[in-house]
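As a plain string of letters, each chain reads:
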Amino acid sequence: MSTEVAPGKTSDPEMPVKYKVIGTRPVRHDGADKVTGKAIYTDDLHLPNMVFGAFVRSPHAHARIVSIDTSEADEMPGVLATCTSADLPDPWDKVDNLGEGCVNYAHLSGNVLARKKALYKGHAVAAVAATSSHLAQEAARRIKVEYEPLPATMWVLDAMHDDAPLLHDDLITYTLGDEPARPSNIANHIRFEKGNIDEGFAAADVVIEREFRTSTVHQGYIEPHVSVALWNEDGRLKIWTATQGSFVVRQQMAALLKMPVSQITIVPCEIGGGFGGKISVYEQPVAAVLSRKCGRPVKIMMRRDEVFEATGPTPGSFMRVKLGATKDGKLVAGKAWLAFDAGAFPGGVIGPGAMCVFSCYDLPHAAVDGFDVVLNKPKTQAYRAPGSTHVAFATESVIDELAEQLQIDPIEFRLNNAAQEGTRRVDGPVYPRVGLVECLHAIQHSDHWNSPLNGPNRGRGVACGFWFNAGLKSSVAANVNADGTVTLVEGSTDIGGTRTSIAMQLAETLGIAAADVIPQVVDTDSVGFTDVTGGSRVTFATGLAAYEAGLDIQQQMIERAAQIWECETQEIKVADGVYQGRGKSLTFKELAVQADKVGKPIVGRASVDPQGSTNAFAVNLVDVEVDPDTGKVTILRFTACQDAGKAIHPGYVEGQMQGGSAQGIGWALNEEYFYDDQGHMRNASFLDYRMPTCYDLPMIDTIIVEVPNPDHPYGVRGVGEVSIVPPPPAIANAIYRATGVRFRQLPMSPPTIWKAISEQGTGE
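Because the structure is predicted, anything quoted here is derived from the model rather than measured.

*Asks:* Is there a simple way to explain the pairing of strand β21 (residues 517-521) in this structure?
*Replies:* Along β21, the buried face is formed by V517, P519 and V521; none of I518 and Q520, which line the opposite face, is buried. Two elements, strand β20 (residues 486-490) and β21, share five bridges in a ladder whose sense is parallel. Bridge pairing in β21 links E490 to V521. What joins β20 to β21 is helix α14 (residues 498-510), and the crossover it makes is right-handed.

*Asks:* Explain the packing of aromatic side chains to me, please; I cannot follow it from the model alone.
*Replies:* We describe a pair of aromatic rings using the distance from one ring centre to the other and the angle between the two ring planes. Overall, the coordinates contain 17 aromatic pairs when judged by the stated rule. Here the aromatic rings of F466 and F617 are separated by 5.0 Å at their centres, their planes lie at 50 degrees, and the arrangement is tilted. One end of the pair, F466, is in strand β18 (residues 458-467); the other, F617, is in strand β26 (residues 616-626), with 151 residues separating them in the sequence. On the basis of relative accessibility, which here comes to 1%, the residue F466 falls in the buried class. An angle of 85 degrees between the planes, with centres 6.1 Å apart, marks the rings of Y673 and Y689 as edge-to-face. Here Y673 is found in the loop between α17 (650-669) and β28 (700-705), whereas its partner Y689 is found in the loop between α17 and β28, with 16 residues between them in sequence. This pair shows no difference in class: Y673 is buried, exactly as Y689 is.

*Asks:* Looking at this structure, I do not really get the environment of V725. What am I missing?
*Replies:* Position of V725 among the secondary structure elements: in the loop between β28 and α18 (727-739). Accessibility expressed as a relative area gives 0% for V725, which makes it buried. The sequence separation of V725 and I502 amounts to 223 residues, and the corresponding C-alpha distance is 25 Å.

*Asks:* For this particular structure, what's the right way to read unusual backbone geometry?
*Replies:* Trans is the common state for peptide bonds, and a negative phi is the common state for residues other than glycine. With an omega of 0 degrees, the peptide bond between L746 and P747 qualifies as cis. Mapped onto the elements of the fold, P747 is located in the loop between α18 and α19 (750-762). In this structure, K116 is a non-glycine residue whose phi angle is positive, near 70 degrees. Tracing the chain through its elements places K116 in the loop between α3 (105-112) and β6 (117-118). Residues other than glycine seldom take positive phi values, yet N615 does so here, at roughly 55 degrees. Within the element layout of this structure, N615 appears in the loop between β25 (603-608) and β26. Assessed through its relative accessible area of 3%, N615 is described here as buried.

*Asks:* Just checking my understanding: could you explain the confidence of the model for the chain for this structure?
*Replies:* A low pLDDT means the predicted coordinates there should not be read in detail. Averaged over every residue, the pLDDT of the chain is 96; residues scoring 70 or more account for 97%. Confidence over residues 1-13 falls short of pLDDT 50; this stretch has 24 contacts with residues more than four positions distant or in other chains.

*Asks:* When you look at the sheet that holds β28 in this model, what are you seeing that I'm missing?
*Replies:* Strand pairs in the sheet, formed through backbone hydrogen bonds, run parallel or antiparallel to each other. One open sheet holds the four strands; their spatial order is β18-β26-β27-β28, and the pairing between them is mixed. A strand with exactly one partner marks an edge of an open sheet, and here the two such strands are β18 and β28. Each adjacent strand pair in this sheet contributes to an overall mean axis angle of 15 degrees, direction not counted. With six bridges joining them, strand β27 (residues 633-643) and β28 adopt parallel strand pairing.

*Asks:* Where do I start with the packing of helix α11 (residues 388-405) against α18 in this structure?
*Replies:* The description of two packed helices rests on the angle between their axes and on the distance between the axes. Packing of α11 against α18 leaves a shortest axis separation of 8 Å and a crossing angle of 35 degrees. In the packing of α11 onto α18, the handedness of the crossing is right-handed. Of the residues in α18, those in contact with T389, A392, F393, E396, S397, D400 and E404 of α11 are P728, P729, A732, N733, Y736 and R737.

*Asks:* What's the story with the side chain of D369 in this structure? I'm lost.
*Replies:* Summarising the element assignment, D369 is placed in strand β17 (residues 365-374). Within the local environment of D369, its side chain forms a polar contact with the side chain of R191, the two groups lying 2.4 Å apart.

Each value, and the rule that gives it
Residues numbered from 1 in each chain as written. Predicted model: local features only at pLDDT ≥ 70, side-chain atom pairs only at ≥ 80, totals over all residues. Heavy atoms only, no water. Buried < 20%, exposed > 50% of the residue type's maximum accessible area, 1.4 Å probe, protein only. Helix = DSSP H or I, 4+ residues; strand = E, 2+ residues; numbered from the N terminus. Pairing = 2+ DSSP bridges. Right-handed = clockwise from strand over helix to strand, strands pointing away. Phe/Tyr/Trp six-rings, centres within 6.5 Å; stacked < 30°, edge-to-face > 60°. pLDDT = per-residue confidence, 0-100. Contact = heavy atoms within 4.5 Å. Axes fitted to C-alpha atoms, helices over the stretch in contact; angles between N-to-C directions. Left-handed = near helix turned anticlockwise from the far one by under 90°. Polar contact = N/O pair within 3.5 Å; in protein donor to acceptor, adjacent residues only side chain to side chain.

Below, the structure written as structure tokens:
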């Protein structure tokens, strides 16, 4: 094959590449099924003889389980099986990587069904299978559980006290220092250092230190957790489920049930949202055990209150951030003390939070202490750039205050200190080429920034955000059909349109139209191992696998053309999907038709495991108006700018930016878990848990910056997560300029704002 420049490359790295498919906006391959209701979600599945499961959940936030009596439920007509944690194998203390975070299987098993103690209100204690969902719910109410209530701890700083009630008697803080002498609720203490923090602050002309708090927030996906399990007579287990990663579900099920992975098949159905919350298993192991006991397929679908109370939200947090700068506007030192609640079991998102806290800036001296703390809330999970939104709220608020004290334009101050190629993060990695400076310039030159904002009680705020983006393992196979189309088989569950973004990369590589690639997301028996759809990795990593599979197909097509034209393969040239040699020429489709007649099927395949991160940066600009009489914030204008590396499908990139921004707006202004003094969540419904609707949101304008990622043939960076990071601090900075009050607690809800404005007016 004679091509001087590989697809996606140019001899001049600054010269933009012209593509046929990438950068266009074709109709998504699954669009018709989604908009017409034909797409198959898990709850659409009805198997022969299927029965229904329901949970028994703890009414206490912390309680010892004295006894469980299932006899009354077992005797009910139509009840086929009951189960408790005694029906699960003894858990083993093994830590495994699920792609976007690690899990200890002993803790995971104890979260699926409580052992000895219930650790939060809603903790699953038992389950039942019956011939109807209503009967299953009634049977669950007949299961008698005797509890010994224990004191509960609901706030992270309270849980860290020496005299706080212990959730786990054997939990010893993991630390790089001396091992503590006795158990506590602090699961992990991590520390990052860079330079000399004392020298750094000594060189500063201005030092600001502030404390911040954030509340527990849920991902808010519309589809609840739902699974169907069939444990067959031959010992094989098959599960249909709404998941962000079929292979990580298989991995967890094998560990929890102590089965070989070869005996488990996971079928990923369409998924109605996840955002990091549908990686861990909850109902799947219980449905499997009930199926084994009753010999029939079992469906379990959570109610909305169960989703809120018993699945993984993002943590509440306490943060103390200190920054120092010289009078000419250069940051010299930063220090952060971060405590994130992990919920009832260790393994929260404090790690990425500590890595992200200073990630947008070039700080010569920095130190970060991070604490993973257990308390009586549901086990926390990832939520779109987990940990980064928390710390950006703190850091970007202090950055804004520094710029104000130094009387420097807030964008210029950020540009003076922005992370760029060669910047070393506090946790060690050095950035390759990244696009934060370009994003700041794009906002600085935007119509929004250069338009006046007039009127009382109005303010404008800006903030930056960062997320790593993962690589991890992906596998694909692609079959060339006799009509010149290509069937693409992949293992990445599709949440945000990745079928199309991956198909477009294969189409670009082969020189065919996106519509000529037919993408299929298949089960765990039908494709090689593929990591979770999370970490903004799929368009990057699975797209890279599709690219390599395309090159595999292209080489086979060259060999087939040489066979047809009776020449050597080196005589064949390929450009834009046209094969030429011996004075003859065939398009990909034409060659595919002939190739089908003269040889074996052409199948391309690839598996990849790219290491490192692709580094996404975003900058938000927001205008608000605050009603001083009610504290209500109205967002007047919102501009989201983000470095996509290369926007494969610009419409999808814009959608991710707008969706993440909408969630960040909700996090900033309204969303929170509200607990009473008994540890009961009092707003466990979409009616009371205040997510933003179309009436709360402005048109979100988008600016896509493209600074190519050097580790991808088309320059792709992940785009799905960083968009949630800057909205809370950008809104907080805007509210300050509208009211004169700096808010350091999320959410900045109307009562909070009204109270602060009122106290300001009375001089309190």
